[in-house]
Amino acid sequence: WSADLQGALCAPPGCAAGVVLAVCRDLVSPALRALSIETGEILWKKSVPGLGEGFAAMAVDDAFVFNTAGGEIFRLDATTGEEQFRTRLSKPRRNNVPRKLEPVLRGGALFVPSGGVFVVRPGSGEVVSRVECCGLVPDYLRVDEDCNLYVGEQGGYLGCWTVGARLTVVK
């Protein structure tokens, strides 16, 4: 199938729960269009203010999670488009907005770049922890298999943080 999105695509499509999410440039700001994976039929449309400033979206289970340049993270149900949570993380100053806003899902938590790096529960939006990046803007973010956090700033600085306590199973 193919579908007329009625606007230019402005982000890579995402897939979750049998739905393809397309973010299209509308007349004023980006708008979301959810299509059936099987038929291409548009299931829902939604205009979301604030996406025009910059965002990153990712599929998590049966939903889509958005991190915005304005310092908010929100989650939409893939099949209905209903908002499941919206959490204000920070209010980054204009020159401190990370260049890459993509959250990283690791160990059952979302690591979200904003005014620092926030560790967020992907189902509820609850902030579990915040990593102060010692003045670094988290332009580039990586989390390894041990949940070690690497923050790179475009200016040529790199910081690394590790988990303080480690639990192991004793048999």
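The structure we're discussing is the one just above.
Every value quoted in this text rests on a predicted model; they were computed, and no experiment measured them. (Residues numbered from 1 in each chain as written. Predicted model: local features only at pLDDT ≥ 70, side-chain atom pairs only at ≥ 80, totals over all residues. Heavy atoms only, no water.)

Asker: Quick question: what am I supposed to make of the nonpolar core here?
Answerer: Most often, soluble globular proteins keep nonpolar side chains buried together rather than apart. Residues Leu-21, Leu-32, Leu-51, Phe-64 and Phe-66 are the most contacted members of the largest nonpolar core, which totals 16 residues. Mapped onto this core, the elements with two or more residues apiece are β3 (19-25), β4 (30-36), β7 (63-68) and β8 (72-77). Element by element, the count of residues in this core is highest for β3, at three residues. Counting residues in each nonpolar core, the second largest holds twelve residues, with Phe-111, Cys-133, Leu-141 and Val-143 among its members. (Core = buried A, V, L, I, M, F, W, Y, C linked by side-chain atoms within 4.5 Å. Buried < 20%, exposed > 50% of the residue type's maximum accessible area, 1.4 Å probe, protein only. Helix = DSSP H or I, 4+ residues; strand = E, 2+ residues; numbered from the N terminus.)

Asker: How should I be thinking about the sheet that holds β8 in this particular structure?
Answerer: Strands belonging to one sheet form pairs held by backbone hydrogen bonds; the direction of such a pair is parallel or antiparallel. Strand order in the open sheet formed by four strands is β6-β7-β8-β9, with antiparallel pairing between adjacent strands. Of all strands in the sheet, those bounded by a partner on one side alone are β6 (55-60) and β9 (83-88). Taking the axes of each pair of neighbouring strands and ignoring which way they run, one obtains an average angle of 15 degrees across the sheet. Pairing of β6 with β7 involves six bridges; the strand directions are antiparallel. If you follow Ala-56 over to β7, its bridge partner there is Asn-67. (Pairing = 2+ DSSP bridges. Axes fitted to C-alpha atoms, helices over the stretch in contact; angles between N-to-C directions.)

Asker: Looking at this structure, how should I read unusual backbone geometry?
Answerer: If a residue is not glycine, its phi is most likely negative; likewise, a peptide bond is most likely trans. Even without a glycine there, the phi angle at Gln-6 is positive, about 55 degrees. Mapping Gln-6 onto the fold places it in the segment before β1 (8-9). Although it is not a glycine, Cys-147 adopts a positive phi angle of roughly 65 degrees. Residue placement: Cys-147 occurs in the loop between β14 (140-143) and β15 (149-153).

Asker: Teacher, can you tell me more about the sheet that holds strand β11 (residues 109-114) here?
Answerer: Taking strand neighbours across the sheet as the criterion, the four strands line up as β10-β11-β12-β13 in an open arrangement whose pairing is antiparallel. Edge strands, defined here as strands with exactly one partner in the open sheet, are β10 (104-106) and β13 (127-131). Averaged over all adjacent pairs, the angle separating strand axes in this sheet is 25 degrees, with direction ignored. Pairing geometry for β11 and strand β12 (residues 116-120), over five bridges, is antiparallel. Its bridge partner lying in β12, Leu-110 is registered against Val-120.

Asker: What should I look at first to understand the pattern of salt bridges in this one?
Answerer: For side chains of opposite charge, pairing can occur when their charged atoms come near one another. In total, this model carries five salt bridges according to the counting rule given. One salt bridge connects Arg-86 with Glu-83, and the closest N-O pair in it is separated by 2.9 Å. Overall, Arg-86 belongs to the partly exposed group, its relative accessible area being 35%. Here Arg-121 and Glu-126 are joined by a salt bridge, their closest N and O atoms 3.0 Å apart. A relative accessible area of 42% means that Arg-121 is categorised as partly exposed. Taken together, the salt bridges that share partners define one network made up of Glu-72, Glu-83 and Arg-86. (Salt bridge = Lys/Arg side-chain N within 4 Å of Asp/Glu carboxyl O.)

Asker: How do you make sense of the packing of aromatic side chains when you look at a structure like this?
Answerer: Each aromatic ring pair is specified by the distance between its two centres and by the angle formed by the two planes. On inspection of all chains with the given rule, the structure shows two aromatic pairs. Measuring from centroid to centroid gives 6.2 Å for Phe-55 and Phe-66, while their planes differ by 45 degrees, and the two rings are tilted. Within this pair, whereas Phe-55 is found in strand β6, its partner Phe-66 is found in strand β7, the two being separated by eleven residues in sequence. The pair Phe-55 / Phe-66 is uniform in exposure class, with both members buried. When the ring of Phe-66 is compared with that of Phe-74, the centres are 4.8 Å apart and the planes differ by 10 degrees; the resulting orientation is stacked. Clustering of aromatic rings is evident, with ring pairs tying together Phe-55, Phe-66 and Phe-74. The aromatic ring of Phe-74 is capped on one face by Arg-86, whose charged end is 4.4 Å from the ring centroid. (Phe/Tyr/Trp six-rings, centres within 6.5 Å; stacked < 30°, edge-to-face > 60°. Lys NZ or Arg CZ within 6 Å of the ring centre and 35° of its normal.)

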